[in-house]
Every structure is written in structure tokens, then in C-alpha cells.
Amino acid sequence: MVISPPYRPLRGKTCLITGAAKRLGRASALALAQAGADIAITFRNSAREAQQTVVDLSSLGVRAFALRCDVTDQASVKSMMNEAGRQLGRIDILVNNAAIYQDVAFERITLRQWDDMFASNTRGPFLVSREALKWMRRRRPGAKRSKKLPEAKIINMGSLGGLRPWATHAHYCSSKAALHMLTKAMALALAPQIAVNAVAPGVIDLGEKSSFMKRIARRTPMQRNGTGDDVAAAVLFFATAPQFITGQILAVDGGWGL
Ligand SMILES: NC(=O)c1ccc[n+]([C@@H]2O[C@H](COP(=O)([O-])OP(=O)(O)OC[C@H]3O[C@@H](n4cnc5c(N)ncnc54)[C@H](OP(=O)(O)O)[C@@H]3O)[C@@H](O)[C@H]2O)c1
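Note that the coordinates shown come from a computational prediction; the quantities given were computed from them, not determined experimentally.

Peer 1: Sorry if this is basic, but what is going on with the pattern of salt bridges here?
Peer 2: Pairing between side chains of opposite charge can happen when their charged atoms approach one another. In total, this model carries ten salt bridges according to the counting rule given. With a closest N to O distance of 3.8 Å, Arg48 and Glu49 form a salt bridge. Look at Arg48 and you get exposed, because its relative accessible area is 67%. A salt bridge links Arg90 to Asp92, with the nearest nitrogen and oxygen atoms 2.7 Å apart.

In C-alpha cells, the structure reads:
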């Protein structure tokens, strides 16, 4: 658990998080729901896990629903966004979490693998963010017309691999480095109404009991692998942070990248 109820700093806020049926996206969605936000999650193939996550989110006393979306497909993003916006009324927080990951020796990376990696990990967050803007630039339903639009946040899930090179992940690392730069360019383009930041997880243990994980934990200054809660806490930090914090890439890696 990231925060203890009844502290609900996001009560009355709405959040859309992509690829959140399971793993880190689910952990972030649960943390945002615990903080009081209504949540729309998207899934591509994991329909069953998405439904379970919706049940778990709803049990925290917030409104939650799941929509299918392929972030590489413009038509799919547009139709998901129309439905998410219609149901939420406005989007306060967008978390671009959906991504793919592959371990391939450099000389074996195919053109298809390279393009798929960028389509999911870089173009996807661009497309979803662009389509979310009209819902982030809208007043809350029923709100009085005030001079200022409510503040909004975009949080991109980057990676330590976008900050440090990994030999057998050239396409993944490049796609996440590009996402980090997109985060900064969007922070400039969308200020002052929208703050844009990225969380860059290091090695996160989601139940894999491998010798690789143990080796990395030993080499990590904090002497352990990260957890879903560590990453969710960083997402929650940006979701609740002052709007003055924008364009930042926050490594959540126990010091491994130092
Ligand atoms: N896990 C780590 O150690 C780690 C480390 C560094 C960075 N990160 C980043 O943190 C985020 C979450 O990590 P994770 O390990 O939980 O991710 P993951 O399990 O690899 O992927 C999350 C979800 O992304 C969705 N997805 C993939 N391609 C999609 C597409 N084209 N359209 C829509 N959805 C798509 C999948 O949804 P469906 O299952 O519904 O198909 C998947 O469940 C990712 O951005 C990842 O790159 C993770």
C-alpha cells in the first residue's frame, strides 16, 4: 500500500492509464485510486486481468472501468479516448504506461522489431497524449466558467534503459530515450496548464525469481530490486506534485544507474 486512507489528495480527479490490466500499470492504477481518483484503464489483450483490476479499483470506493486500446493504432486510440473522455467527463491525469520490452542481440534486431518498439513505446505515448489534450483542456462537467482551466498532468513511463545503454536492448533503450526527450518537449509545449514528467524504473521484481534478479539486487546500492509499490509511489508523486515540477525524468532504481 502506497498511502493510507483516508488521505485522498486526488478525490474528484480523473485518471486514464494505458496498459494497466496487470503488473506496474495495475500497481499505479491502484495507488491513484487509493488517493481518490476515478480511473479508466486500458488493455490490449489482457481482458480478464483488466476486469479483475476494475473490480479491485472499484473496491477502493472510486469509479473505474476498462477499455480496449492498441496504442499503435490511431483509430483505436481515438475511439478509446472518446469513450474515456465521455465517461470521465474530463481527464486530469494521463499515465502512458503501455509498452513492450525485448531482449535481442544488436545484430539480430529486425526492422519489424525496431519499428514495433518505437510504435508502442514512443509513438504510442505521443498519440495517446495528443488525443487526450481536448479532455485535459476541458472544464469539469458542471464547473463554473472560471478564467483558468484546471491543471492537468501527463506521466510517461520511461526506463533506466532510456538513461543508460543496455547491450541487448538497443531498440528498447532508444525508444525510451526518445520518450524521455518527448517528455521534455511536451513539458515545454503544454505548459503552464499541463505538467509532463516521466518515471524511469530500473529493475523491478514482479515475482520473477531468477538468478539475474538476485545478481542485480546484490549490485544495487539499495541492495534489492524495485517493487511495483516503489514505481507506483513515483507515479503518485508526479500526480500530486506542484505544477512547477515539469519536464523531469525520475529514476526509480535503488541507485543502480549511478
Ligand atoms: N517491469 C520493469 O522492470 C520495467 C523497467 C523499466 C521500465 N518499465 C516500464 O514501465 C511500464 C510498465 O512496465 P510493465 O513491465 O508492467 O509493462 P508490460 O507488462 O511489459 O506491459 C504493460 C502493458 O502494456 C500493454 N501494451 C503493450 N503493447 C501495447 C499496445 N500496442 N497497445 C496497448 N497496450 C499495449 C500490454 O497490455 P495487454 O496485456 O492488455 O496486452 C501490457 O499488459 C512500461 O512502460 C515499461 O517499459 C518497466
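Past the structure itself, the notes keep going.
Peer 1: Which parts of the structure should I look at to understand helix H2 (residues 47-58)?
Peer 2: Given 3.6 residues per turn, any residue in an α-helix points the same way as the ones three and four places further on. Here H2 is twelve residues long and its end C-alpha atoms lie 16 Å apart, about the 16 Å a rise of 1.5 Å per residue gives. Along H2, the residues that are buried comprise Ala50, Thr53, Val54 and Leu57. The arc that holds every buried residue of H2, seen down its axis, measures 105 degrees, which confines them to one face. Those residues of H2 that are exposed and aimed more than 90 degrees away from the buried face are Arg48 and Val55. Looking at the buried positions of H2, the neighbouring elements they touch are helix H1 (23-34), strand S2 (38-43) and strand S3 (64-68).

Peer 1: How do you make sense of unusual backbone geometry when you look at a structure like this?
Peer 2: For residues that are not glycine, phi is negative in most cases, and the peptide bond is trans in most cases. Cis geometry marks the peptide bond from Ala191 to Pro192; its omega dihedral reads 5 degrees. Locating Pro192 in the fold gives a position in the loop between helix H5 (170-190) and strand S6 (194-201). One non-glycine residue with positive phi stands out, namely Arg23, at about 55 degrees.

Peer 1: How should I be thinking about the layout of surface pockets in this particular structure?
Peer 2: With a probe scaled to a water molecule rolled over the atoms, the places where space remains empty come into view. Computed from the structure, the largest pocket encloses a volume of approximately 1,200 Å³. What lines the largest pocket is a set of 38 residues, and nearest its centre among them are Arg23, Leu24, Ala99, Ile100 and Tyr101. Among the secondary structure elements, those contributing two or more residues to the lining of the largest pocket are H1, S2, H5 and helix H6 (211-219). By residue number, the principal contributor to the lining of the largest pocket is H1, which donates three residues. A breakdown of the residues in the lining of the largest pocket according to their chemical character gives 20 nonpolar, eleven polar and seven charged.

Peer 1: What exactly am I supposed to notice about the sheet that holds strand S5 (residues 152-157) here?
Peer 2: Within a beta sheet, neighbouring strands are joined by backbone hydrogen bonds and run either parallel or antiparallel to one another. Reading across from one edge, S3-S2-S1-S4-S5-S6-S7 is the order of the seven strands in this open sheet, with parallel pairing throughout. Since the sheet does not close on itself, it has two edges, and those belong to S3 and strand S7 (249-252), each with one partner. The mean inter-strand angle of the sheet, taken between neighbouring strand axes irrespective of direction, is 20 degrees. Pairing of strand S1 (residues 14-17) with strand S4 (residues 93-96), which is carried by three bridges, proceeds in the parallel orientation. By the bridge assignment, Ile17 is partnered in S4 with Val95. Each of S4, S5 and S6 is contacted by helix H4 (residues 111-136), which is oriented at about 170 degrees to S4, the strand it contacts most. Strands S5, S6 and S7 of the sheet are contacted by H5, whose axis makes an angle of about 160 degrees with S6.

Peer 1: So what exactly am I meant to see when it comes to the site of the ligand here?
Peer 2: Near the ligand there are 26 residues, and of these Arg23, Arg44, Ser46, Val71 and Asn97 occur at the shortest range. One nitrogen or oxygen atom from the main chain of Arg44 is found 2.7 Å from an oxygen atom belonging to the ligand. Computed on the free molecule, the ligand has an accessible area of 890 Å², of which 89% lies beneath the protein chains in the complex. Under a 2 Å grid-point criterion requiring more than half of the atoms, the pocket assigned to the ligand is the largest pocket. For the shell around the ligand, the elements supplying multiple residues, two or more each, are H1 and H5. Residue composition of the shell around the ligand, grouped by class: twelve nonpolar, nine polar and five charged.

Peer 1: Honestly, the packing of aromatic side chains in this entry has me stumped. Any pointers?
Peer 2: To describe a pair of aromatic rings, one takes the distance between the centres and the angle between the planes. Tallied over the entire structure, the rule returns five aromatic pairs. An angle of 85 degrees between the planes, with centres 4.9 Å apart, marks the rings of Tyr101 and Tyr172 as edge-to-face. Here Tyr172 lies in helix H5 and Tyr101 lies in the loop between S4 and H4, a separation of 71 residues in the sequence. You can call Tyr172 buried: its relative accessible area is 9%. Ring geometry for Trp166 versus Tyr172: centroids 6.2 Å apart, planes at 10 degrees, classification stacked. The residues Trp166 and Tyr172 share a single accessibility class, namely buried. Through a chain of ring-to-ring contacts, the aromatic side chains of Tyr101, Trp166, Tyr172 and Trp256 assemble into a single cluster. Lying across the ring of Trp135, Arg138 places its NZ or CZ 4.2 Å from the centre.

Thresholds applied
Residues numbered from 1 in each chain as written. Predicted model: local features only at pLDDT ≥ 70, side-chain atom pairs only at ≥ 80, totals over all residues. Heavy atoms only, no water. Salt bridge = Lys/Arg side-chain N within 4 Å of Asp/Glu carboxyl O. Buried < 20%, exposed > 50% of the residue type's maximum accessible area, 1.4 Å probe, protein only. Helix = DSSP H or I, 4+ residues; strand = E, 2+ residues; numbered from the N terminus. Expected span 1.5 Å × (residues − 1). Arc of directions from axis to C-beta. Contact = heavy atoms within 4.5 Å. 1 Å grid on protein atoms, 1.4 Å probe; cavity = no way out; pocket = protein on both sides within 12 Å on 5 of 7 lines; lining within 4 Å. Points joined across faces, edges and corners; volume = space filled by probe spheres on them. Nonpolar A, V, L, I, M, F, W, Y, C, P; charged D, E, K, R; others polar. Pairing = 2+ DSSP bridges. Axes fitted to C-alpha atoms, helices over the stretch in contact; angles between N-to-C directions. Near = heavy atom within 4 Å. Polar contact = N/O pair within 3.5 Å; in protein donor to acceptor, adjacent residues only side chain to side chain. Areas by Shrake-Rupley, 256 points an atom, 1.4 Å probe, with all protein chains shown as cover. Sits in = over half its atoms within 2 Å of the grid points. Phe/Tyr/Trp six-rings, centres within 6.5 Å; stacked < 30°, edge-to-face > 60°. Lys NZ or Arg CZ within 6 Å of the ring centre and 35° of its normal.

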